[in-house]
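# Secondary and tertiary structure notes
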Amino acid sequence: MSTKDFRPGSAPNVSRRTLLQAGAGLIGGTVLPASIASRAFAEDHPAIGTYPAGTSGSSAFIGISVPRTGTYAVQGEDELKGYQLAIEHINSGHELIKKISPKTSKGVLGKELKFGVADSAAKPNEAVQAQQRFISENKAVMITGGTSSAVAVALNKLAQREKVIFVCGISGSNDTTGKDCVRYGFRQNFFGQTAAAAIAPVLIKQFGKNKKAAYLTPDYTYGHTVTKSMQDYLAQAGWTTVTNQVSPLGAPDYSSYLLNVANSGADVLINVNWGHDAVLSTQQAKQFGVLDKMKLVVPYQVPFIARETGGLMQGVYAATDYWWTIEDKYPLAKMFNEAFEKKYGYKPEWGAENAYVSFAHWARMVEEAGSFYPPDVIKAYEKGETLPSLVGDVHYRPEDHQCVRPVVIVRGKMEKEMKNKEDYYEVVEIVPGDGLMQKPDAFGCHLGDYT
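This section reports on the structure supplied with the text. This one's a predicted model, so the numbers in the text were calculated from it and none came from an experiment.

Reading the values: rules and limits
- Residues numbered from 1 in each chain as written.
- Predicted model: local features only at pLDDT ≥ 70, side-chain atom pairs only at ≥ 80, totals over all residues.
- Heavy atoms only, no water.
- Helix = DSSP H or I, 4+ residues; strand = E, 2+ residues; numbered from the N terminus.
- Rg over C-alpha atoms; globule rule 2.2 N^0.38 Å.
- Buried < 20%, exposed > 50% of the residue type's maximum accessible area, 1.4 Å probe, protein only.
- Contact = heavy atoms within 4.5 Å.
- Lys, Arg positive; Asp, Glu negative; His and termini not counted.
- Charge placed at Lys NZ, Arg CZ, Asp CG, Glu CD.
- Pairing = 2+ DSSP bridges.
- Axes fitted to C-alpha atoms, helices over the stretch in contact; angles between N-to-C directions.
- Salt bridge = Lys/Arg side-chain N within 4 Å of Asp/Glu carboxyl O.

### Observations regarding the overall build of the protein chain
A tally of regular secondary structure across the protein chain gives 14 helices and 16 strands. Here the C-alpha atoms of the protein chain give a radius of gyration of 22 Å, agreeing with the 22 Å that 2.2 N^0.38 yields for 451 residues. C-alpha atoms of the protein chain, sized along the principal axes, occupy 70 × 45 × 40 Å. Taken across its 451 residues, the protein chain has 61% of its residues classed as buried. Partitioning the contacts of the protein chain with sequence separation of at least 6, the portion at a separation of at least 24 is 72%. Across the protein chain, the mean location of the 47 positive side-chain charges is 1 Å away from that of the 46 negative side-chain charges.

What follows is the structure in structure tokens.
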């Protein structure tokens, strides 16, 4: 599918890089009058959000926002590839999609999916402005994206206000399906609470009790909630926090933070930074001799960090959503890996996996509902039925719209152990999701109204 630049002209407060539209005929097209559309497609359902106008023709539009510039750009591109592959597979009725959404033939309810892409630059305002345009101008029936949890939380609020479903992309904050949860938002990937619950026992087993930990924490909802979850779990084994160095997103220099870490007397450095921030802070930790003094742990693994840090993840424990070698255990993972590598030329990282599965689950819910009417689609999710995924069977909790799914614990391989150039990690354990999650109301989730 080809892409072309789309500049909306005089729209206020929209950056010059705002939107990329994908596919032909995304703007305009034939839209039936509302009265006819309602009779033909809505049956007894009243108009809500972009329904029924968004599905009155032969296609349905999806709005995607990912960071294509800035500190999370590399991860955003990987996530985008997962979305694009899912749309291609849905439109063609690919066998992998049919394994996850059996009622899908070609398109969703027979409608071809078209999409637009916006560069969020990991900035909530830019993501919201772009998605608002997708909703207003293209009648998007679903919006998706993330990578930054601040963006995800902002899009939660937009989705609830506009009554358009938001399927969250990468977001590690507890708040996304916690205090900032909404009726119109859903998240498939793992997050701070589940990452900490999965990796903490492994760290305690490997390093022992009563250890001193130093944290590098990005200063926004993702960083604070991941660090808090790690501190809570490790405290049960007597681990203490000797310093928590909080830095802004996109910090160019970590020397002052690392100096404090180096002088803290910590046994373990727990780096919560993400994207290029994680790469840069890890490289500088090595340069400043910090990694010679203490062990490194990455509690919320960053796609491509092993490749980009040049071997610094060797021997390092991390929690992740997915690692490609689990294909030996999960047949659907093998199918995905092969399709992804054939199209893009590399093994998928977990951003692409998460995007693909989230999209496939949405398609399944629409098919199960037999309608694009948002409350019906939401209620299909809220049935909590067992669903296939690339990491085995999963389900969504009706109370907070969080997917209950396993967390994969990996350890970086030494170079001599690598079987190929992308064989960076050994899978230590795949921890079932049910025992990892907090109670649905523990983080203050109160879903809003359907209408």
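Moving on, there is more to tell.
### Focus: the sheet that holds strand S12 (residues 317-320)
With mixed pairing, seven strands are arranged side by side in an open sheet as S9-S8-S10-S11-S12-S15-S16. In this open sheet, the two edge strands, each paired with only one partner strand, are strand S9 (240-247) and strand S16 (425-431). If you compare each strand with its neighbour and ignore which way they point, the axes differ by 20° on average. Relative to strand S15 (residues 407-412), S12 runs antiparallel, the two sharing four bridges. Of the residues in S15, the one forming a bridge with Ala 318 is Val 410.

### Concerning the side chain of Glu 79
Relative to the assigned elements, Glu 79 resides in helix H2 (residues 73-92). Here Glu 79 occupies a buried position and makes no salt bridge, while the nearest side chain of opposite charge, Arg 68, is found at 10 Å. Once you skip the residues sitting within four places of it in the chain, Glu 79 turns out to touch Val 66, Gly 145, Gly 146, Thr 147, Gly 169, Ile 170, Gly 351, Ala 352 and Ala 355.

### Some details on the pattern of salt bridges
For the structure shown, the criterion picks out 17 salt bridges. In this structure, Arg 183 and Glu 382 form a salt bridge, with 2.8 Å as the shortest nitrogen-oxygen distance. Taken together, the residues span a long stretch of sequence, with Arg 183 in the loop between strand S6 (165-168) and strand S7 (185-187) and Glu 382 in the loop between helix H14 (374-381) and strand S13 (395-396) at a distance of 199 residues. Taking relative accessible area as the criterion, Arg 183 reaches 14% and is therefore assigned buried. On the basis of relative accessibility, which here comes to 14%, the residue Glu 382 falls in the buried class. Residues Lys 228 and Asp 232 are paired through a salt bridge, measuring 2.8 Å at the closest nitrogen-oxygen approach. One end of the pair, Lys 228, and the other, Asp 232, are both in helix H7 (residues 221-235), four residues apart, so they sit about a helical turn from each other. The class for Asp 232 is partly exposed, based on a relative accessible area of 38%.

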